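Summary of the model geometry
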Amino acid sequence: MASELQKRKIGRVFEALDRNADGLLEETDFAALTERWAELGDVGPGSPEHVRLIVVMMGWWRTLLAASAGTALDTVTMDDVLGVIDDLGELRNPVTATATTLFDAVDEDGDGLVTATEYRRMIEAWSGRSTDTDEVFPLLDLDGDGLLSRAEFAELWTDFWAGDDPRSPGNWVFGRFELPVPQYQ
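Note that the structure is predicted; figures quoted are calculated from it, not measured.

1. Observations regarding the nonpolar core
- By size, the foremost hydrophobic cluster in this structure holds 51 residues, and its most contacted members are Trp37, Trp126 and Trp157.
- At the level of secondary structure, the elements contributing two or more residues to this core comprise helix H1 (4-17), helix H2 (27-40), helix H3 (48-66), helix H4 (78-86), helix H5 (92-106), helix H6 (116-127), helix H7 (137-140) and helix H8 (150-162).
- The leading source of residues in this core is H3, at seven residues.
- Other than its neighbours up to four places away in sequence, Trp126 contacts Val13, Ala16, Leu17, Leu33, Arg36, Trp37, Met57 and Phe174.

2. Considering unusual backbone geometry
- Its identity as a non-glycine residue notwithstanding, Ala21 has a phi of 55°, on the positive side.
- Among the secondary structure elements, Ala21 is positioned in the loop between H1 and H2.
- Ala21 gets classed as exposed once you look at its relative accessible area, which sits at 66%.

3. With respect to the pattern of salt bridges
- Scanning the model with the defined rule gives six salt bridges in all.
- One salt bridge connects Asp104 with Arg150, and the closest N-O pair in it is separated by 2.7 Å. Of the two residues, Asp104 sits in helix H5 while Arg150 sits in helix H8, which places them 46 residues apart along the sequence.
- Connected via shared salt-bridge partners are Arg52, Asp104 and Arg150.

Parameters at a glance
- Along each chain, the written sequence defines residue order, and numbers are assigned to residues from 1.
- Local features in a predicted model are, by the rule used here, given only for residues with pLDDT of at least 70; side-chain atom pairs are given and counted only at 80 or more, and totals for whole chains, interfaces and linings are based on all residues.
- Water and hydrogen atoms were dropped before computing side-chain values, which therefore reflect all heavy atoms in the structure.
- Working definition of a nonpolar core: buried Ala, Val, Leu, Ile, Met, Phe, Trp, Tyr and Cys residues. They are joined through side-chain atoms within 4.5 Å.
- Exposure classes here rest on a 1.4 Å probe applied to the protein chains alone. A residue is buried below 20% of its type maximum, exposed above 50%, and partly exposed in between.
- Going along the chain from the N terminus, every DSSP run of H or I of four or more residues is numbered as a helix, and every run of E of two or more is numbered as a strand.
- The criterion used for residue contact is that any of the two residues' heavy atoms lie within 4.5 Å.
- Whenever a carboxyl oxygen of Asp or Glu lies within 4 Å of a side-chain nitrogen of Lys or Arg, that contact is scored as a salt bridge.

Nothing here speaks to function; it is geometry throughout.
Listed below in structure tokens is the structure:
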């Protein structure tokens, strides 16, 4: 069962994806996101990178849709997404593959590193709006070199989706938000 922390951070991503704010994700939401990601790295239609991006993103759509049994035809609810989050321990390889694919899309100059500017563009592509990420990027920069390596990005991405530690930097992958106060026994 998803924790309150997971519900909050996944909820922000869900809301950004749900372009018409009806509480349901549709295939068109994922297709639009895929195209916004493709525009980041200027990935041309039909290129191997574009095809890989489509395969990964639309693969997650199919995974979520398969988990949505009992909901409206061809839609996914927040509860459906949270159900898949509960199973991410078994899906580590697809989560890491997604991180690698998105890293390549975000790494606009192909140097194997994501700059603060590239990260901001990623967040803006995800949310579809202008976003200030100056405060968040240093939290994600695990080694303090001013850049995100592929390994850092994969660790942060995986921790965002599967992690449940309120102190983890992975919580900020999609930008800053208010975390619930941890309850300690």
